[in-house]
Amino acid sequence: MKKEYTKINVGEVYLNDNRLSANHPIEKVALPEFVSIPLFQHSGNPAIPIVEKDSFVKTGQLIAKADGRISSNIHSSVTGRIIEIKEITEKKERHRKEIVIRTKDDVWEENIDTTDTLIKEITLPVPEIINRIRDNGVVELNGTAFPLHVKLSVQHKQKENIIIINSAENEAYISSDHRLMLEKGEELFIGTSILMKVYDTNKGIIAIEKEKKDVLKNMLNISKQYPNIEIIALKKNVLYYNRQKLIKTLTGKNVPDNSTDLPAGYLTHNIATTFAVYEAVQKNKPLIERIITVSDLDIKKGANLQVRIGTPLTPIFEKVCSVDINKKRIINGNVIRGKEILELQTPINKKSIGLFTFSKRDTLFKCIRCSQCINACPMGLEPYRLAMHVRNSDFVLLRKEKILNCTNCGTCGYVCPTGRPVLDLIRYGRKKITEIQNNPQTEI
Amino acid sequence: MKLIELRNNLTRHRIMWNVVIALLPAMTVSFYFFGISAFILTVTAIVSCLLFEFLIQYFFIDKEDITIQDGSAFITGVLLAFNVPSSLPIWMMVLGSLIAIGVGKMPYGGIGKNIFNPALVGRMFLLISFPVEMTTWPLPLQNSSFLTDAISGPTTLGAIREGMLNGKPLSDIMADAPSYMDMFMGNIGGSLGEVSAFAILIGALYMLYKKIITWHIPVTFITTVFVFTGILWYMHPDKYADPVFHVLAGGLILGATFIATDMVTSPMSDGGKIVFGIGCGVITVSIRSWGYYPEGVGFAILIMNAFTPMINQLFRSYKYRDKTNTFSSTIAPIIKNRIVAFIFIFIVLLTILTIVYIYTIGPINNAHKNSELDKIRTVLPAFDNNPIDSAKTIDELVFYTAKKGDSIVGYACKTFTDKGFNGRFYLLVGFKPDGIIYNTIVLEQHETPGFGDRMASDWNKQFNGKNLTEFNLKVKQDSGDVDAISASTISSRAYCDAIEKAYLSLMKNILKKSDVKLASEINEKFIIKDISILKKVLPAFDNDPLKEVKTISDLECFTAKKGGKVVGYAIKSSGKGYCSTVWILIGVLPDGKINGACFLENKETIGYGDKVDNPQFLGQFKGKLFGKCDFEVKKDDGDIDAVSGSTITSRAFCEAVAKASTMFCDSLSTTKNEVKKDSVIAPPSKPTIYQYTDKSIFNNVLPAFNNNPLTEFQSVNGLDVYTGRMNGVVTGYAITSFSKKGFGGKVIILVGFKPDGTINNTAFVSSNETPNFLEMVEEAGYRDQYIGKNPATFKLAIKSEGGDVDAVSGVTYTSRSFCDGVQKAYSSFINIKK
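The shown structure was predicted, so the numbers you read here are calculated from the model rather than taken from an experiment.

## Description of the overall build of chain A
Logical step 1: A count of helices and strands for chain A gives 13 helices and 19 strands.
Logical step 2: Across the 444 residues that make up chain A, the buried fraction comes to 55%.
Logical step 3: Residue pairs at least 24 apart in sequence account for 69% of intrachain contacts in chain A once pairs closer than 6 positions are excluded.
Logical step 4: Carbon and sulfur atoms make up 47% of the accessible area of chain A, which totals about 20300 Å².

## Description of the overall build of chain B
Logical step 1: Within chain B one finds 25 helices and 17 strands.
Logical step 2: For chain B, the proportion of its 834 residues judged to be buried stands at 51%.
Logical step 3: Within chain B, residue pairs in contact and separated by at least 24 positions form 59% of the contacts whose partners lie at least 6 positions apart.
Logical step 4: Carbon and sulfur atoms make up 59% of the accessible area of chain B, which amounts to about 38600 Å² in all.

## Re the sheet that holds strand β15 (residues 289-296) of chain A
Residue and element names in this part refer to chain A.
Logical step 1: The strand order β3-β16-β15-β19-β17-β18 describes an open sheet built from six strands, whose pairing is mixed. Bordering the open sheet on either side are β3 (27-28) and β18 (339-341), each of which pairs with just one other strand.
Logical step 2: Pairing geometry for β15 and strand β16 (residues 301-308), over eight bridges, is antiparallel. Among the inter-strand pairings, E289 is bridged to a residue of β16, identified as R308.

## Focus: the packing of aromatic side chains
Residue and element names in this part refer to chain B.
Logical step 1: Under the criterion given, the structure shown has 31 aromatic pairs over all chains.
Logical step 2: Consider the rings of F431 and Y503, whose centres lie 6.0 Å apart with planes at 45°: the pair is tilted. Of this pair, F431 sits in strand β6 (residues 423-431) while Y503 is found in helix α18 (residues 489-510), placing the two residues 72 residues apart along the sequence.
Logical step 3: Relative to Y495, the ring of F463 has its centre 5.4 Å away and its plane inclined at 25°; by these criteria the two rings are stacked. Of this pair, F463 sits in the loop between α17 (451-456) and α18 while Y495 sits in helix α18, and the two are 32 residues apart along the sequence.
Logical step 4: The class of F463 is buried, set by a relative accessible area of 0%.

## Quick word on the pattern of salt bridges
Between side chains of opposite charge, pairing is possible as soon as their charged atoms come close.
Residue and element names in this part refer to chain A.
Logical step 1: Per the counting criterion, the structure on display carries 18 salt bridges over all chains.
Logical step 2: In this structure, D135 engages R134 in a salt bridge whose closest nitrogen and oxygen atoms are separated by 3.4 Å.
Logical step 3: Since its relative accessible area comes to 36%, D135 is described here as partly exposed.
Logical step 4: Given the relative accessible area of 34%, R134 is considered partly exposed.

## Observations regarding the packing of helix α3 (residues 176-183) of chain A against helix α7 (residues 271-282) of chain A
All names here are of chain A.
Logical step 1: In contact at an axis separation of 9 Å, α3 and α7 are set at 45° when each is read in the N-to-C sense. Relative to α7, α3 is oriented oblique. Residue-level contacts link D177, L180 and M181 of α3 to I271, A272 and F275 of α7.
Logical step 2: Of the residues assigned to the contact of α3 with α7, the class counts are five nonpolar, no polar and one charged.

## A short note on the environment of B:Q57
Logical step 1: The residue B:Q57 is located in helix α2 (residues 36-61) in this model.
Logical step 2: Along the sequence, B:Q57 and B:T67 sit 10 residues apart, while their C-alpha atoms lie 8.2 Å from each other.

## So, the nonpolar core
Logical step 1: B:L88, B:F221, B:F258 and B:I301 are the most contacted members of the largest nonpolar core, which has 75 residues in total.
Logical step 2: Counting residues per element, this core draws most heavily on helix α1 (residues 12-34) of chain B, at 11 residues.
Logical step 3: Look past the residues within four positions of B:I301 in its chain and what remains in contact with it is B:L120, B:F221, B:G255, B:I259, B:A260 and B:C280.
Logical step 4: Within the second largest apolar cluster, 43 residues are counted, among which are A:I133, A:I194, A:A280 and A:V281.

## Some points on unusual backbone geometry
Logical step 1: In this model, A:S371 sits at a positive phi of 70°, which is unusual for a non-glycine residue.
Logical step 2: Position of A:S371 among the secondary structure elements: in the loop between β19 (354-359) and α9 (372-376).
Logical step 3: According to the relative accessible area criterion, A:S371 is buried, its value standing at 5%.
Logical step 4: One non-glycine residue with positive phi stands out, namely B:K211, at about 60°.
Logical step 5: Under the relative-accessibility criterion, B:K211 is labelled exposed at 64%.

## So, a nonpolar patch on the surface
Residue and element names in this part refer to chain B.
Logical step 1: Taken together, the side chains of L205, L208, W215, V219, I274, I278 and V282 make up a nonpolar region of the molecular surface, amounting to roughly 580 Å² of accessible area.
Logical step 2: Of all the secondary-structure elements, those providing two or more residues to the nonpolar patch are α10 (197-209) and α14 (270-290).
Logical step 3: Ranked by the residues each element gives to the nonpolar patch, the list is headed by α14, at three residues.
Logical step 4: Of note, L205 is situated in helix α10.

## Quick word on the pairing of strand β13 (residues 229-234) of chain A
Logical step 1: Relative to β13(A), strand β12 (residues 204-209) of chain A runs parallel, the two sharing six bridges. Residue A:I208 lies in a different strand from β13(A), and its bridge partner there is A:A233.

## Here we look at the side chain of B:D820
Logical step 1: Structurally, the position occupied by B:D820 is in helix α25 (residues 812-830).
Logical step 2: Sequence-distant contacts of B:D820, defined by excluding residues within four places in its chain, comprise B:S739 and B:K741.

## As for the pairing of strand β8 (residues 549-552) of chain B
Residue and element names in this part refer to chain B.
Logical step 1: Bridging between β8 and strand β9 (residues 555-562) involves four bridges; their strand directions are antiparallel. Considered in β9, the bridge of I552 is made with L555.
Logical step 2: Taken together, β8 and the strand that follows it, β9, pair antiparallel across an intervening segment of two residues, in which S553 is found at a positive phi of about 50°.

## Side note on the sheet that holds strand β3 (residues 392-394) of chain B
Residue and element names in this part refer to chain B.
Logical step 1: A sheet is described by the order of its strands in space; here five strands give the open sequence β3-β4-β5-β6-β7, paired in antiparallel fashion. Across the chains shown, the open sheet's two edge strands, defined by having one partner strand only, are β3 and β7 (437-444). In this sheet, adjacent strand axes meet at a mean angle of 25° when their direction is disregarded.
Logical step 2: Here β3 pairs with strand β4 (residues 397-404) via three bridges, running antiparallel. Counted as the bridge partner of I394 is L397 from β4.
Logical step 3: Sheet contacts for α18: β3, β4, β5 (407-420), β6 and β7; angle to β5, the most-contacted strand, approximately 135°.

## Some remarks on helix α13 (residues 422-438) of chain A
Side chains of residues three or four places apart in an α-helix project in the same direction, reflecting 3.6 residues per turn.
All names here are of chain A.
Logical step 1: The terminal C-alpha atoms of α13, which comprises 17 residues, lie 24 Å apart, in line with the 24 Å expected from a rise of 1.5 Å per residue.
Logical step 2: Considered for burial, the residues of α13 that qualify are V422, L423, L425, I426, R427, G429, K432 and I433.
Logical step 3: Where α13 is buried, its residues meet β18, α10 (383-391), α11 (395-400) and α12 (411-415).

## Let's talk about the confidence of the model for chain B
All names here are of chain B.
Logical step 1: The predicted model of chain B has a mean per-residue pLDDT of 78, with 79% of residues at 70 or higher.
Logical step 2: Across residues 143-153, where pLDDT falls below 50, the model places 30 contacts with residues more than four positions away in sequence or in other chains.
Logical step 3: Confidence over residues 672-680 falls short of pLDDT 50; this stretch has 11 contacts with residues more than four positions distant or in other chains.
Logical step 4: Model confidence for the complex: the whole-complex pTM is 0.58, and ipTM, which rates the interface, is 0.73.

## Some thoughts on the packing of α10(A) against α13(A)
Residues and elements named next belong to chain A.
Logical step 1: Here α10 crosses α13 at 55°, and the two axes come no closer than 9 Å. Classed by the angle they form, the pair α10 and α13 counts as oblique. Read as a crossing pair, α10 and α13 show a hand that is left-handed. Counting all contacts with α10, which are made through P383, L386, A387, V390 and R391, the residues of α13 involved are V422, L425, I426, Y428 and G429.
Logical step 2: Across the contact of α10 with α13, the residue classes tally to eight nonpolar, one polar and one charged.

## Focus: helix α15 (residues 297-314) of chain B
Logical step 1: For α15(B), built from 18 residues, the straight-helix expectation of 26 Å at 1.5 Å per residue is met to within 8% by its first-to-last C-alpha distance of 24 Å.
Logical step 2: Listed as buried for α15(B) are B:V297, B:G298, B:F299, B:A300, B:I301, B:L302, B:M304, B:N305, B:T308, B:I311 and B:N312.

The rules behind these values
- Residues numbered from 1 in each chain as written.
- Chains lettered and ligands numbered in written order.
- Predicted model: local features only at pLDDT ≥ 70, side-chain atom pairs only at ≥ 80, totals over all residues.
- Heavy atoms only, no water.
- Helix = DSSP H or I, 4+ residues; strand = E, 2+ residues; numbered from the N terminus.
- Buried < 20%, exposed > 50% of the residue type's maximum accessible area, 1.4 Å probe, protein only.
- Contact = heavy atoms within 4.5 Å.
- Areas by Shrake-Rupley, 256 points an atom, 1.4 Å probe, with all protein chains shown as cover.
- Pairing = 2+ DSSP bridges.
- Phe/Tyr/Trp six-rings, centres within 6.5 Å; stacked < 30°, edge-to-face > 60°.
- Salt bridge = Lys/Arg side-chain N within 4 Å of Asp/Glu carboxyl O.
- Axes fitted to C-alpha atoms, helices over the stretch in contact; angles between N-to-C directions.
- Parallel < 35°, antiparallel > 145°, perpendicular 65-115°, else oblique.
- Nonpolar A, V, L, I, M, F, W, Y, C, P; charged D, E, K, R; others polar.
- Core = buried A, V, L, I, M, F, W, Y, C linked by side-chain atoms within 4.5 Å.
- Patch = residues over 30% accessible without salt bridge, like charges linked within 9 Å, V, L, I, M, F, W, Y side chains within 5 Å.
- Expected span 1.5 Å × (residues − 1).
- pLDDT = per-residue confidence, 0-100.
- Left-handed = near helix turned anticlockwise from the far one by under 90°.

Encoded structure:
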């Protein structure tokens, strides 16, 4: 029986590559009827809208400004009329807004280069580059969406900086980076060069897994023109989403800390971010579209789609399969521990990476006390017990059981033989507990 | 639409169906050994469990939430079927399934929430409600055992329990138990699943490989049983069976690997599992050794199931992946807490027990004393002393003398019997001064419920006023005069046994009359009452052979005639069996050919002795000629195939046939061309029994000699006789003798006689006796008692059989066979031409 996953450490389950969509070229999704652009799709403060209801906007027009230092601009992804500026009031602390635009057309702003021609020369000086990145609302394109210009403007202490573009995907089934490397390889090199210029270094590495032979071939070809950028092929089955491990393997050096880039001198970014950098700097194109992978695991079908930000899910899924929200679950991000999307109207935003859908099970099967979850938990918790308490709404007991130690790794739910959604139950428990902490009169 | 479960491969379906696969070897073995009934029972159990789970869920819980396809009910059915004998009626199997699912699983909330293992709940319910059907185990390889009358018997553990109750030394019982290989492969009596350790182990290894169970519970469970029984056996090998036997016997391996490891009812942490395994092992051994049930695995697992939630609570997970958590800050306190908790609970319990004991033991004893006096009053005529003051204890029986004034009005004896159905129970028997029973009552018994009531009604009045030299103190089924209580024959027999003990002791020790004979002993012969049994063994006849009975050499012989001509004889003979005398009837034609043989009375161990009563065994006698054929079992170099596992009973049968044969040849045979077994045409000129390689053995046995006795050989009465001379004068005769009554078969000994007939010394030459026991005989100096004795005055039989030879305790068979050999040697000695 082929093992579908590899366990790295206890609590970290890495699904092996099982791409359903790696061979699908990137398709463009037709413009939806309306888009709903959230203003909180990045880390930091939500952007503040600068347009009003019923005003007419063009594609690429700035519609919300960054609020504060750690924030990002947001641009319209279609041409049309703003129907409303919706307030989403789920969480009472922050008012979350979304701008809803009815699509009429696709007319881009004037100073945006919408052609496909490759611009190789990097003419702008570094501050200009950073400005462009900021103005175009580029964020680090992973689940956290940290504003990139902030990252880039921090002073570097080390002299020898090396840029590493990591293409080893950490999310299974997601093949958007793969396609990008195949179809827009040279743009990636230019983007890398831009970053190298910003960081004032002349050494760059693009790390690619050995098994992606087509990608390697393509990139190696292109790399002949870019002597400063080295392509390093990584051995199969080694798991490189862990930064320390990646750096150790590529350069042989031990990087002490796992969290911040800066003191170490190694700066890592991923493929999608690099591409966004290219587009923002060379073409002055704001971040209004993303390439995401959509897969249906039931029918084992997937596609790589180029989607405008704010597109609701229905037209996206229509490319792959039909989605009945009552019968299927939709998960964004990591298949095991990603967040579930409950409404089909939820829009794609900068944080979207990949969407999966698979059938829901109606009944919650009972725990058979097999103790797999206990063996799997890296924090020494007993997930079956936590889930049991959540089901019984015994929240006082949950705090005693240290539910707040849970790191959301999702291994417990993954290994449960009866398929209980243990992680979801624990997440619910945590949510309720923090609610109760903040507002002791919350109804349980 | 296929349901994708986005998980790793160990889904609940895979768990369950892999367990089913692991059970397949044991299922196949059970079908092979127990035939079609095993298959039907297993299928019934599975279907019933699934059906009941479906019905209960559909009607009582939730129409939508039906989970029979997860396989757990299936497994419950299989395991339940594995725990019952193959002769269980089908409706009981269905009822057991109903209880297993409906009581053991569903009321707790269905799978995952039950505390006790459902299969065990069902089994215990069946065991307690239908003890007879659940403890009658058909022996393997008798296909279709519930369609015909099966031969059944107890499991190996049950046989040991029963044997020990009957007073058999453990060594004798163990020797007749199945071999380890039989137990391992499965050729023994037992429930469907427990017989073949081998098949179950294959399944267990498969489950370990598939990571469905971990090693912790099975290994600790079995190891604890092994170690615990090992310690007991080492300290008292005569009371406890050896550990290998215990591991292979009963449902231990099945229970430890399939039932105790059930995920829902066993602890989740590794440490908890080890505790669980040890607890199960300890309780199992305790029940097996000292409890009333011969098998303890089921109860042990159920008891430990009850502790599982507590173990789960105590063995919480404490691993953290953070470097800041050190041992002392996180783990040590937890361990300290547990130890403290256990010690505290232990002390509290002990204190409570002690207090309760101290406060109640006084009143309890007083109550006993008072009631004891009252009870003595009921069994004796009026008296005015306090008999308890003058109580005398003789051989574990307590005698109380009751007086009125100065004259003795009677004796009350507190007696007991170990032959009760559930062990020992105590009787109080009141005798008048001449030994006639005045009254009897029961003091303490653990028999089946209701027995006490039945005993206390008018039943025991039948003993009153009876003189045991005239009243046959055996139940009517044993051709005595006592009316047994219906369905309590064993208890009634035990009751008589207790009275007999009391009477014999009274006669011997108090009234000092030592040659009293019980009526039951005199009338021990079996009386044939109806003619049909004669028809079984004789050819067609038209007279009434019961009227034409002759007694020749203590054997009764019935003549059958047709038209006035003798067509055959039916000879009633007996042989000494495992725990009783075996009576047989053998039909022989006038020319000496055996027509048929059958049992008249077979009170041997159930499951072993009655195995012999089968057409295959009995049929091999047919056609053999009296006088020409060697009626010994093949083990003893004879021609008869003994029944495996019932050697001693088979031997008894052969002994009886041989007796009949000798009687026939001596008295009834009309033809002259039979050849006596022991006579030869010409005496052989070479040793026939044993070839010695050097004469050193003679040095020990004969008085001083300086010739080579091997050269002076003669054969007398079939035995080899060697003469020892000193300077030409005969100093002694060394006779190689043998006996077939050895435990392992033939025992060859060498006896040295002085010319006047006294025994100089003896030696073992060769035998198949168990080495341990042979050593015991030698170490006990058994043979020393023969030195210097003259068999003319020294009775060559063991003391319990009326002779003068002290047998070695626990090695009766070897002692007896040696004695028998010496006897043979002596009869040879007498015939030596001097």
